[in-house]
Each structure stands twice: as C-alpha cells, then as structure tokens.
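# A structural walkthrough
Residue strings, one per chain:
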Amino acid sequence: KPLRIFAGVTLRGEGAGTVLVMPGNEPAAVLLVSPFGHKFVASTVVEDLAIYTDKSAGIAAEPDVSNIVQCRFENLVISAGGCAIDLNPGLAKKVYTQNTTIRNVHLAKSGGPALRLWGNANNIEQVNTEGGTREGFTAEPAIVTIAGEYNDIRSCIIEANKPNPAVAFHVSGSFTWSHNWV
C-alpha cells in the first residue's frame, strides 16, 4: 500500500540510502491525501530519500485533492515506473499547486515523466534525468510538463533518454527560465 501523507507531515530520510520500495501497481509510493473537507495538502515535505516503484508514480496527489500549497520535495532519487512526481494526475488540471518547491530531484531508470504540475508561483530547480530510462519508457506530452503562471524553472538537466527519445519540456503560461540543459 502507498505511504499516505497529509498536511503538515514531513517525510525525511537519511539520504539516498533510505529507500521506499513500491512493488505492484498502486497509485504511488507516496500519496498526498487530504482527509479534510477543503481537500488541501499544505506544508507537506518529502526529502532526503530514494523511491523505487515497479509501475507506479513515485509521489502523486490523490485524485480528490484540490490544492497543494507550500509543499517541498527535495533531495530525492526516484526510479519510478510511472511519473516520478505527479502533481497533476492525468494532466486533468484538477489539482492546483501553489508556492511549492521541487529541488534536487534525480531520476534513475525512469519509466515515465519526471514531473507534471499545474499551478502558480512554484520553484522547480535541479530536476535531473541523466539516469536513463526503462524499456517501454513514455512521457506525454513531455518529460517535464508545467502549466500555470509565474513558475520558476532553473538549473534542470533533461537528457535525451536514449533509446527512448521524448520531448524535454512542455511549459505553458508565464514562467522564468534559466540555466536549463536540454
């Protein structure tokens, strides 16, 4: 079963030696949930650990979550069969992410996209996909998909992912872009 975390929870490992493993086809290894009527996830932190899944996302929002606010996902190594960090499940634009930081996330042997996000004023920094891909890798519409306003995207390394080529970035709305390697 997924590790279900909600508002105000910090999930902290001791570096890449702390590994969460999700066999099978659950929604994600770490599932952001809201047991509250407002359906917000606020001030949740996942940091300093590694996540491995067979088929699932690494970190994802539960489908009925409406907003992810002021969360932080940092210093992670993710090898996911699905999307590594899926804050916009199915690209449906139903989960709005605001003032959230995604920093120093390294993908290794991924089976899907690195990041899906819809929202505003988010900081995406140092997402790195140099770790290669799994057989059957797919990333539609791109390895990193970000929609919304005033998002800051910087210092990311999105490699060609041979032998499974994919579009590196699909970004819409207003954003700041600096020091990215494609």
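First, a word on scope: everything that follows refers to the structure included in this document. (Residues numbered from 1 in each chain as written. Predicted model: local features only at pLDDT ≥ 70, side-chain atom pairs only at ≥ 80, totals over all residues. Heavy atoms only, no water.)

Here we take up the overall build of the chain. Of the regular secondary structure elements, the chain holds zero helices and 18 strands. Taken over C-alpha atoms, the radius of gyration comes to 15 Å for the chain, in line with the 16 Å a tight globule of 182 residues would show. With the C-alpha coordinates aligned to their principal axes, the bounding extent of the chain is approximately 45 × 40 × 30 Å. For the chain, the computed accessible surface area is about 8,100 Å², with 53% contributed by carbon and sulfur atoms. In the chain, 14 positive and 16 negative side-chain charges are present, and the distance between their average locations comes to 4 Å. (Helix = DSSP H or I, 4+ residues; strand = E, 2+ residues; numbered from the N terminus. Rg over C-alpha atoms; globule rule 2.2 N^0.38 Å. Areas by Shrake-Rupley, 256 points an atom, 1.4 Å probe, with all protein chains shown as cover. Lys, Arg positive; Asp, Glu negative; His and termini not counted. Charge placed at Lys NZ, Arg CZ, Asp CG, Glu CD.)

Time to look at the pairing of strand 12 (residues 101–110). When strand 9 (residues 72–79) meets strand 12, the two strands line up parallel, connected through six bridges. By the bridge assignment, Ile78 is partnered in strand 12 with Leu107. Where strand 12 and strand 14 (residues 123–133) come together, seven bridges link them in parallel fashion. Bridge assignment links Val105 to a residue of strand 14, and that residue is Val127. (Pairing = 2+ DSSP bridges.)

The subject of this paragraph is a nonpolar patch on the surface. A cluster of nonpolar side chains, Val19, Val21 and Tyr52, forms an exposed patch at the surface whose accessible area comes to about 260 Å². Turning to its location among the elements, Val21 is positioned in strand 3 (residues 19–22). (Patch = residues over 30% accessible without salt bridge, like charges linked within 9 Å, V, L, I, M, F, W, Y side chains within 5 Å. Salt bridge = Lys/Arg side-chain N within 4 Å of Asp/Glu carboxyl O.)

Further remarks concern the pattern of salt bridges. All chains considered together, the criterion is met by nine salt bridges. Here Lys39 ties to Asp64 by a salt bridge, and the two come within 3.2 Å at their closest N and O atoms. One end of the pair, Lys39, is in the loop between strand 4 (28–32) and strand 5 (40–42); the other, Asp64, is in the loop between strand 7 (57–61) and strand 8 (67–69), and 25 residues separate them in sequence. Overall, Asp64 belongs to the partly exposed group, its relative accessible area being 40%. Within the structure, one salt-bridge network assembled from shared partners comprises Arg12, Glu47, Arg72, Glu74, Arg103 and Glu125. (Buried < 20%, exposed > 50% of the residue type's maximum accessible area, 1.4 Å probe, protein only.)

Relative to the elements of secondary structure, Asn88 occurs in the loop between strand 10 (85–86) and strand 11 (96–98). Residue classification places Asn88 among the buried residues on the basis of a relative accessible area of 3%. A C-alpha to C-alpha distance of 21 Å links Asn88 and Trp177, two positions 89 residues apart in sequence. Other than its neighbours up to four places away in sequence, Asn88 contacts Lys93, Lys94, Arg116, Leu117 and Trp118. Separated by 3.3 Å, the side chain of Asn88 and the backbone nitrogen of Ala92 make a polar contact. (Contact = heavy atoms within 4.5 Å. Polar contact = N/O pair within 3.5 Å; in protein donor to acceptor, adjacent residues only side chain to side chain.)

Here the amide bond leading from Glu140 into Pro141 is cis, since omega sits at 0°, within 30 degrees of zero. Mapped onto the elements, Pro141 comes out in the loop between strand 14 and strand 15 (144–149). In this structure, Asn104 takes a positive phi of about 55° despite not being glycine. Mapped onto the elements of the fold, Asn104 is located in strand 12. In this structure, His179 takes a positive phi of about 55° despite not being glycine. Tracing the sequence through the fold places His179 in the segment after strand 18 (175–178). Under the relative-accessibility criterion, His179 is labelled exposed at 70%.

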